[in-house]
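Residue strings, one per chain:
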Amino acid sequence: MKLAIFASGSGSNAEAIIQSIKVGELDAEAALIICDKPHAKVFERAERLGIPCVLFQPKTYSSKQKYEEEIISLLRREQIDFIVLAGYMRLIGSTMLGEYEGKIVNIHPSLLPAFPGLDAIGQAFDAKVKETGVTIHYVDEGMDTGPIVAQETVSIDYNETRETLTKKIQQVEHRLYPKTLQKIFSERKVGGETNE
Ligand code: GAR
């Protein structure tokens, strides 16, 4: 399974996935990272990990469709089978969804459908709920919607700060994402859906 990982920021989830592949826990190939932000920290990580990281800036295209078509032509050239969104802070449009139907997953730092959108960790913290968590789901045209594949709960303790909660959530993300991808890919292999 040949992957393109999409990221907009730090890229810690992208790194966790790539490390899992390197140590043989995730049976896939991370072919490249796609990033929409020129100064994102994920570029440094990609360089250190030896994975190409390619910048596509939406504002340099006349439409979302053109932007996605450019990305798709690279993904086709690289024979990418599956797209992993890892902190990619942009809605996937119909062009990309049509090309990779049922082959795009996302991670979100809450127990969806609670706290979709931006700053889900802060939203949960401000709401003073006792627990939040991490969700991995297939992507559809909505914001953090789409069929859920895996969820894990994270408690918000009485002395929790945003910082400690963020750390706890990230720890879960870095473990849960590679594990869930492995499950998805092994089930697809059994079903004979991969075009490897
Ligand atoms: C992660 O916490 C991820 O769940 C979140 O962005 C962060 C990216 O961190 N994604 C969303 O909020 C998507 N709606 P990273 O760049 O260090 O992987």
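What you see is a predicted model; the values in this text were computed from it and never measured.

The next thing to look at is the sheet that holds strand β6 (residues 131–138). Strand pairs in the sheet, formed through backbone hydrogen bonds, run parallel or antiparallel to each other. One open sheet holds the seven strands; their spatial order is β3-β2-β1-β4-β5-β6-β7, and the pairing between them is mixed. For this open sheet the edge positions go to β3 (53–55) and β7 (148–155), each flanked by a neighbour on one side alone. Between one strand axis and the next, the sheet turns by 20° as a mean value, whatever way the strands run. Here three bridges tie strand β2 (residues 29–35) to β3, and the two strands are oriented parallel to one another. Among the inter-strand pairings, I34 is bridged to a residue of β3, identified as V54. Sheet contacts for helix α3 (residues 64–77): β1 (2–7), β2, β3 and β4 (82–85); angle to β2, the most-contacted strand, approximately 165°.

To continue, consider the packing of helix α1 (residues 12–22) against helix α2 (residues 42–49). Contact geometry of α1 with α2 gives a least axis separation of 9 Å together with a crossing angle of 15°. Here α1 lies roughly parallel to α2, going by the angle between them. Like other packed secondary-structure pairs, α1 and α2 cross with a definite hand, here right-handed. Residues S12, E15, I18, Q19 and K22 of α1 pack against R45, R48 and L49 of α2.

Right, let's get into helix α5 (residues 120–127). Within α5, the full set of buried residues consists of A120, I121, G122 and A124. The positive-phi residue at the C-terminal boundary of α5 is K128, with phi of around 60°.

The subject of this paragraph is the UniProt feature "site: Raises pKa of active site His" (unreviewed entry) in the chain. Mapped onto the present numbering, the UniProt feature "site: Raises pKa of active site His" (unreviewed entry) falls at D144. Tracing the chain through its elements places D144 in the loop between β6 and β7. On the basis of relative accessibility, which here comes to 16%, the residue D144 falls in the buried class. Those residues within four positions of D144 in sequence are excluded, and the remaining contacts are N106, H108, L112, P116, G117 and H137.

Rules and cut-offs
- Sequence order as written defines residue numbering, which begins from 1 separately in each chain.
- Given that the model is predicted, a residue must reach a pLDDT of at least 70 before its local features are reported, and side-chain atom pairs must reach 80 or more before they are shown or counted; all residues, however, enter totals for whole chains, interfaces and linings.
- By convention in this description, side-chain values take in all heavy atoms of the structure and omit both hydrogens and water.
- Should DSSP find at least two bridges between two strands, the strands are regarded as paired.
- In this description a helix means any DSSP run of H or I spanning at least four residues, a strand means any run of E spanning at least two, and both kinds are numbered starting from the N terminus.
- Interaxial angle, 0 to 180 degrees, is taken between N-to-C directions of lines fitted to C-alpha atoms, where a helix line uses only the stretch in contact.
- Residues count as neighbours in contact if any of their non-hydrogen atoms are within 4.5 Å of one another.
- What sets the label is the angle itself: under 35 degrees gives roughly parallel, over 145 gives roughly antiparallel, 65 to 115 gives roughly perpendicular, and the rest give oblique.
- Crossing handedness follows the turn of the near helix against the far one: under a right angle anticlockwise gives a left-handed crossing, and clockwise gives a right-handed one.
- For every residue, the accessible area (1.4 Å probe, protein chains only) is compared with the maximum for its type, and the residue is labelled buried under 20%, exposed over 50%, or partly exposed between those bounds.
- UniProt positions are given in the numbering used here, feature names are shortened, and annotations may be inferred rather than shown by experiment.

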